[in-house]
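Residue strings, one per chain:
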Amino acid sequence: AAKFSSSLKDMTATRKAVLGALGLFGGGAAGLAYALNESVKANDLVAHPPTFPWNHNGYFESMDASSIRRGYEVYKNVCSACHSMKYVAYRNLIGVSHTEAEAKAEAESVQVVDGPNDSGEMFERPGKLSDYFPAPYANDEAARSANNGALPPDLSYITSARHGGENYIFSLLTGYVDPPAGINVREGLYYNPYFVGGSIGMAQALYNELIEYSDGTPATASQMAKDVSVFLKWCAEPEHDQRKKMALKAMMMFSIIISISYYLKRHKWSAIKSRKFAYTPKN
């Protein structure tokens, strides 16, 4: 160690700089080679969903209310047969995709178990605006029994709970294909490259003209997948539009404050910053 220290001290500055540059270059090359090697490894058994140009992805873009309404229709007629949304109430639809009368009619179209009554018995009644979307199964065990042991997840916050958000939901719903050669899918499962492991217990749910939209939009499989993805995005982030409105107001407010601060800095403090103090000693 002493010999190495003395030889390092005797080394010229140019030689030290050359050796340092060679060390940095070698380390960088090794790091780049490692990164390239890891990038081509097949260590991920799931396809990553692409990023789609959603209308609400802009800094000041709002959610598409028409798409939210159509997405609710897709959930009501297709997805609600297996998936619950126990954190979304009918009153949440008011002013977003439905009027109060329409949301009230949607709530009254379902029967809700309530009670107990004066006799101590449970009873069914028409839904109210304060009721949450009804669950398709009484409990998780019943849900697993009806779906070959697979538990359909609750969709209230699914876009926030899955990597990729609405891109993942759209890709999953439209990504059902035949398994490639060499991959065997167990009976009762279906191949979808966007699902972890490739085998998913949910069969393809969306087909062309499966439902009929109330606004007359052609109900293609991709259109339904897009609409229900936007609807689920809104369910997970109902404050989305309000948050962007507040950001716009904050930017306007801060722009005014910054302008006033710049004026004060330039005109009010200029005399103080530019003044000089001189000391003249007495003779």
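Up top you'll find the structure we're talking about.
Residues numbered from 1 in each chain as written. Predicted model: local features only at pLDDT ≥ 70, side-chain atom pairs only at ≥ 80, totals over all residues. Heavy atoms only, no water.

1. Details of the overall build of the protein chain
Part 1: Each helix and strand in the protein chain was counted, giving 10 helices and 4 strands.
Part 2: From first element to last, N terminus to C terminus, the protein chain shows the α and β order α-α-α-α-β-β-α-α-α-β-β-α-α-α.
Part 3: A compact globule built from 283 residues would reach a C-alpha radius of gyration of about 19 Å, whereas the protein chain, at 31 Å, exceeds it by more than 25%.
Part 4: C-alpha extents for the protein chain along the principal axes are approximately 105 × 65 × 45 Å.
Part 5: By sequence separation, contacts in the protein chain at least 24 residues apart represent 62% of the contacts at least 6 residues apart.
Part 6: The averaged location of the 28 negative side-chain charges in the protein chain is 25 Å from the averaged location of its 29 positive side-chain charges. (Helix = DSSP H or I, 4+ residues; strand = E, 2+ residues; numbered from the N terminus. Rg over C-alpha atoms; globule rule 2.2 N^0.38 Å. Contact = heavy atoms within 4.5 Å. Lys, Arg positive; Asp, Glu negative; His and termini not counted. Charge placed at Lys NZ, Arg CZ, Asp CG, Glu CD.)

2. Remarks on unusual backbone geometry
Part 1: With omega at 5 degrees, the peptide bond leading from Gly115 into Pro116 counts as cis.
Part 2: Within the element layout of this structure, Pro116 appears in the loop between β1 (111-114) and β2 (123-126).
Part 3: Within the chain, Asn148 stands out as a residue other than glycine whose phi angle is a positive 55 degrees.
Part 4: Locating Asn148 in the fold gives a position in the loop between α5 (140-146) and α6 (158-161).
Part 5: Even without glycine at this site, Glu209 takes up a positive phi of about 60 degrees.

3. Details of the pattern of salt bridges
Part 1: Counted according to the given criterion, the structure contains 12 salt bridges.
Part 2: The salt bridge involving Glu237 is made with Lys233; its shortest N-O contact spans 2.9 Å. Across the pair, exposure class does not vary: Glu237 and Lys233 are buried alike.
Part 3: Salt bridges sharing common partners tie together Asp64, Arg70, Asp215, Lys226 and Asp227. (Salt bridge = Lys/Arg side-chain N within 4 Å of Asp/Glu carboxyl O. Buried < 20%, exposed > 50% of the residue type's maximum accessible area, 1.4 Å probe, protein only.)

4. Some points on the packing of aromatic side chains
Part 1: With the rule as written, the count across this model stands at 10 aromatic pairs.
Part 2: Taking the centre distance of 4.9 Å and the plane angle of 70 degrees together, the rings of Phe52 and Phe170 count as edge-to-face. Highlighted residues: Phe52 in the loop between α2 (13-39) and α3 (65-77) and Phe170 in helix α7 (residues 166-174), separated in sequence by 118 residues.
Part 3: Ring plane angle 35 degrees and centroid distance 6.0 Å describe the contact between Phe231 and Trp234, whose orientation is recorded as tilted. Linking Phe231 with Trp234, this pair stays in helix α8 (residues 221-236), spanning 3 residues, or about one helical turn.
Part 4: Here the aromatic cluster, defined as three or more aromatic residues joined through ring pairs, consists of Tyr72, Tyr75, Tyr90, Phe133, Phe231 and Trp234.
Part 5: It is Arg70 that lies over the ring of Tyr213; its NZ or CZ is 5.9 Å from the centre. (Phe/Tyr/Trp six-rings, centres within 6.5 Å; stacked < 30°, edge-to-face > 60°. Lys NZ or Arg CZ within 6 Å of the ring centre and 35° of its normal.)

5. Describing the nonpolar core
Taken as a class, soluble globular proteins show a tendency for nonpolar side chains to be buried jointly.
Part 1: If you look at the biggest cluster of nonpolar residues, it comprises 40 residues, and the most contacted ones within it are Val74, Met85, Tyr90, Leu93, Phe133, Phe231 and Leu232.
Part 2: Taken together, the elements giving at least two residues each to this core come down to α3, α4 (100-108), α7 and α8.
Part 3: With 8 residues, α8 is the largest single contributor of residues to this core.
Part 4: Once residues within four sequence positions are removed from consideration, Val74 is found in contact with Cys79, Leu206, Ile211, Tyr213, Met224 and Val228. (Core = buried A, V, L, I, M, F, W, Y, C linked by side-chain atoms within 4.5 Å.)

6. Focus: the packing of α7 against α8
Part 1: The geometry of α7 relative to α8 is characterised by a closest axis approach of 9 Å and an angle of 150 degrees between their N-to-C directions. Here α7 is positioned roughly antiparallel relative to α8, judged by the angle of their axes. Note on packing geometry: the crossing formed by α7 with α8 is right-handed. Residues Glu166, Ile169, Phe170, Leu173 and Thr174 of α7 form the contact with α8, whose own contacting residues are Ser222, Ala225, Lys226, Val228, Ser229, Leu232 and Lys233.
Part 2: Taken together, the residues of the contact of α7 with α8 break down into 6 nonpolar, 3 polar and 3 charged. (Axes fitted to C-alpha atoms, helices over the stretch in contact; angles between N-to-C directions. Parallel < 35°, antiparallel > 145°, perpendicular 65-115°, else oblique. Left-handed = near helix turned anticlockwise from the far one by under 90°. Nonpolar A, V, L, I, M, F, W, Y, C, P; charged D, E, K, R; others polar.)

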